[in-house]
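An overview of the molecular structure
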Amino acid sequence: MRVYIDMDGVLCDFETAFARDKALFTDTAYPQSREGFYLNLSLIPGAQDAMNVLLTADNIDPFILTAPSIYNPLSYTEKRLWVEKHLGFKWVRRLIISPDKSLLKGDVLIDDHNSGRGQEGFEGRLLHFGSQQCPDWKTVLSTIPLNRF
């Protein structure tokens, strides 16, 4: 089963950093446009352990699927560096950066948005992370059938 995991709002805490930087840098319309924004995002609770579970499950082929920021060309590099820093180099080879998530074929997409970056056109099942049905990583792992031996 191919599973794609979004970064912002699923693996890293985009919203808290956005609100903080919006208040600190009032002259900046898009806080995510600042150098270092993506590199310094905090890890979402449970994400690191969940990613290790997904990677070691026999029936799961997991990939990180994130959209770049059109306001920050450094987002490509910073997201890649963030992945290595928080999840390890093994995930760098599983990082996909695409502005349209519907371009990829897969079974499950874990994302904090239902639309806007091609989520609505994804051919598989969308797990809306942070929603009532899928509020956290514990729920995500109980929703995906995992084979671990």
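These numbers come from a predicted model, not from an experiment.

**Things to note about the environment of valine 53**
- Here valine 53 lies in helix α2 (residues 47–56).
- Along the sequence, valine 53 and serine 42 sit 11 residues apart, while their C-alpha atoms lie 20 Å from each other.

**Quick look at the sheet that holds strand β3 (residues 95–97)**
- Pairing is parallel in the open sheet, where five strands are placed in the order β3-β2-β1-β4-β5. Two strands bound the open sheet, and with one partner strand each, they are β3 and β5 (125–128). Within this sheet the neighbouring strands show an average axis-to-axis angle of 25°, counted without direction.
- Alignment of strand β1 (residues 2–5) against strand β2 (residues 61–66), held across four bridges, turns out to be parallel. Among the inter-strand pairings, isoleucine 5 is bridged to a residue of β2, identified as isoleucine 64.
- Each of β2 and β3 is contacted by helix α3 (residues 75–87), which is oriented at about 160° to β3, the strand it contacts most.

**With respect to the side chain of glutamine 119**
- Tracing the backbone shows glutamine 119 in the loop between β4 (108–111) and β5.
- Glutamine 119 gets classed as buried once you look at its relative accessible area, which sits at 3%.
- If we skip the residues at most four places from it in the chain, glutamine 119 touches Lys101, Leu109, Asp111, His113, Asn114 and Leu126.

**Re the state of the cysteines**
- Here the structure, examined in full by the defined rule, presents zero disulfides.
- Here cysteine 12 is not disulfide-linked; the sulfur of cysteine 134 is the nearest cysteine sulfur, at 16 Å.
- Overall, cysteine 12 belongs to the buried group, its relative accessible area being 0%.
- The class for cysteine 134 is buried, based on a relative accessible area of 3%.

**Examining the packing of aromatic side chains**
- Scanning all chains against the criterion turns up eight aromatic pairs.
- Seen from their ring centres, phenylalanine 14 and phenylalanine 18 are 5.8 Å apart, and the 25° between their planes marks the pair as stacked. In this pair, phenylalanine 14 and phenylalanine 18 both sit in helix α1 (residues 14–24), four residues apart, roughly one turn of the helix.
- Classification of phenylalanine 14 by relative accessible area gives buried; the value is 14%.
- Phenylalanine 18 sits in the partly exposed class, given a relative accessible area of 23%.
- Ring centres 6.2 Å apart and planes at 35° place the aromatic pair phenylalanine 14 and tyrosine 38 in the tilted group. Of this pair, phenylalanine 14 sits in helix α1 while tyrosine 38 sits in the loop between α1 and α2, and the two are 24 residues apart along the sequence. Accessibility assignment for this pair places phenylalanine 14 and tyrosine 38 in one class, buried.
- Each member of the aromatic cluster is reached from another via a ring pair, and the members are Phe14, Phe18, Phe37 and Tyr38.
- One cation-aromatic arrangement involves arginine 34 over phenylalanine 25; the distance from NZ or CZ to the ring centre is 3.6 Å.
- The residue whose ring lies beneath arginine 94 is phenylalanine 63, and the NZ or CZ to ring-centre distance is 5.0 Å.

Thresholds, definitions, all that
Residues numbered from 1 in each chain as written. Predicted model: local features only at pLDDT ≥ 70, side-chain atom pairs only at ≥ 80, totals over all residues. Heavy atoms only, no water. Helix = DSSP H or I, 4+ residues; strand = E, 2+ residues; numbered from the N terminus. Pairing = 2+ DSSP bridges. Axes fitted to C-alpha atoms, helices over the stretch in contact; angles between N-to-C directions. Contact = heavy atoms within 4.5 Å. Buried < 20%, exposed > 50% of the residue type's maximum accessible area, 1.4 Å probe, protein only. Disulfide = S-S within 2.5 Å. Phe/Tyr/Trp six-rings, centres within 6.5 Å; stacked < 30°, edge-to-face > 60°. Lys NZ or Arg CZ within 6 Å of the ring centre and 35° of its normal.

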